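Summary of structural features
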Amino acid sequence: MTVKLGVNVDHIATIREARKIREPDPVTAALIAELAGCNGITAHLREDKRHIQDRDIRLLRGTITTKLNLKIAPTNEMLQFAVNVQPDLVTLVPENRQEITTEGGLNVAAKIDELAKFVMTLKSNDIAVSVFIEPETEQVKAAKKIGASFVEFNTGKYATAFDLGSMQEVDREISAIADMTVLAKKYGLRVFAGQGLNYRNVSAIAAIEGIEELNIGHSIVGRSVFVGMEKAVKEMIDILHRS
Ligand code: PXP
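Summary of the structure given here. (Residues numbered from 1 in each chain as written. Predicted model: local features only at pLDDT ≥ 70, side-chain atom pairs only at ≥ 80, totals over all residues. Heavy atoms only, no water.)

Let's talk about the layout of surface pockets
Rules: Residues are called lining when one of their atoms sits within 4 Å of a cavity or pocket point, these points coming from a 1 Å grid over the protein atoms alone, where a cavity is a set in which a 1.4 Å probe fits but cannot get out and a pocket is an open set with protein on both sides within 12 Å along at least five of seven lines. Grid points are joined across faces, edges and corners, and a volume is the space filled by probe spheres set on the points. By definition, any uninterrupted DSSP run of H or I lasting at least four residues is a helix, any uninterrupted run of E lasting at least two residues is a strand, and each is numbered from the N terminus. For this classification, Asp, Glu, Lys and Arg are treated as charged, while Ala, Val, Leu, Ile, Met, Phe, Trp, Tyr, Cys and Pro are nonpolar and the rest, including Gly, are polar.
When its volume is computed, the largest pocket comes out at roughly 730 Å³. Lining the largest pocket we find 34 residues, and of these Thr101, Gln195, Gly196, Leu197 and His218 sit closest to its centre. If you list the elements that add at least two residues to the lining of the largest pocket, you get helix H1 (10–17), strand S6 (150–154), helix H7 (156–164), strand S8 (211–216) and helix H10 (218–227). With five residues, H7 is the single largest residue contributor to the lining of the largest pocket. Its boundaries defined by the atoms lining it, the second largest pocket holds a volume of some 180 Å³. Lining the second largest pocket are 13 residues, and of these Met1, Ile208, Glu209, Gly210 and Ile211 sit closest to its centre. If you list the elements that add at least two residues to the lining of the second largest pocket, you get S8 and helix H11 (229–242). Taken together, the residues that form the lining of the second largest pocket break down as seven nonpolar, four polar and two charged.

With respect to the sheet that holds S8
To be explicit about the condition: Strand pairing is defined by DSSP finding a minimum of two bridges between the two strands. Only the stretch in contact is used when fitting a helix axis, every axis being a line fitted to C-alpha atoms; angles between N-to-C directions are given from 0 to 180 degrees. The criterion used for residue contact is that any of the two residues' heavy atoms lie within 4.5 Å.
Strand order in the closed barrel formed by eight strands is S1-S2-S3-S4-S5-S6-S7-S8, with parallel pairing between adjacent strands. On average, each strand axis in the sheet is inclined to that of its neighbour by 25°, with strand direction left out of account. In terms of strand pairing, strand S2 (residues 40–44) meets strand S3 (residues 68–72) through four bridges, oriented parallel. Looking at the pairing, alanine 43 lines up with leucine 70 of S3. Against the sheet, helix H3 (residues 54–63) makes contact with S2 and S3, and its axis sits at roughly 160° relative to S3, the strand it touches most.

In short, shape yes, function no, at least from these values alone.
Written out as structure tokens, the structure reads:
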């Protein structure tokens, strides 16, 4: 089955925030991405609000017709916001103010009780929950324990190894993600993946049996600068179809 595409529109907001004006609008980008055939929109409301703003999430909720995947750090403020906005899915991610992008998976195994409460609140408000984790056995088991319905495996290490041409590391990461996909599915978890995926490196991840959806942002937004959002999304979907 062809893997689905969730388009992350954070970096349209990054361009807007460079000037703190109204354009370009991530909501417009999301609507074009949907018209181009993507299966969902993702956005990360960071605590420092460096790109996506509260207003973007509220407008996305009111306009897009696929599904809204809101990425947040597990804090009370973000929990309240998510309950209020009602995205289709919340993905819990770790956050560190100094990082340029999400640097690693959430250590779910280290915070079982705290995260289980968080997941319970979201689920009782009809919001499905995913956790962004490393492809490791203890993290998959922990995701199951806290009651998440989805996991999103971090492909960041794979992408870095691919860029460096470290083929052994590339193979190791692909095997880890493939093995952990099997384990996650055995536990009844649904599997997504993302971080650092682009037009050159996506095929091997898209070909892993059992991964339902890839969340891709930077490479699509970067390409959209040259060819437009519609074409950038369609080109990515073509690659996914051929993988
Ligand atoms: N998945 C998660 C959990 C993320 O935090 C991000 C980046 O915000 C992405 C996917 C998309 O990563 P990229 O922008 O590198 O495609």
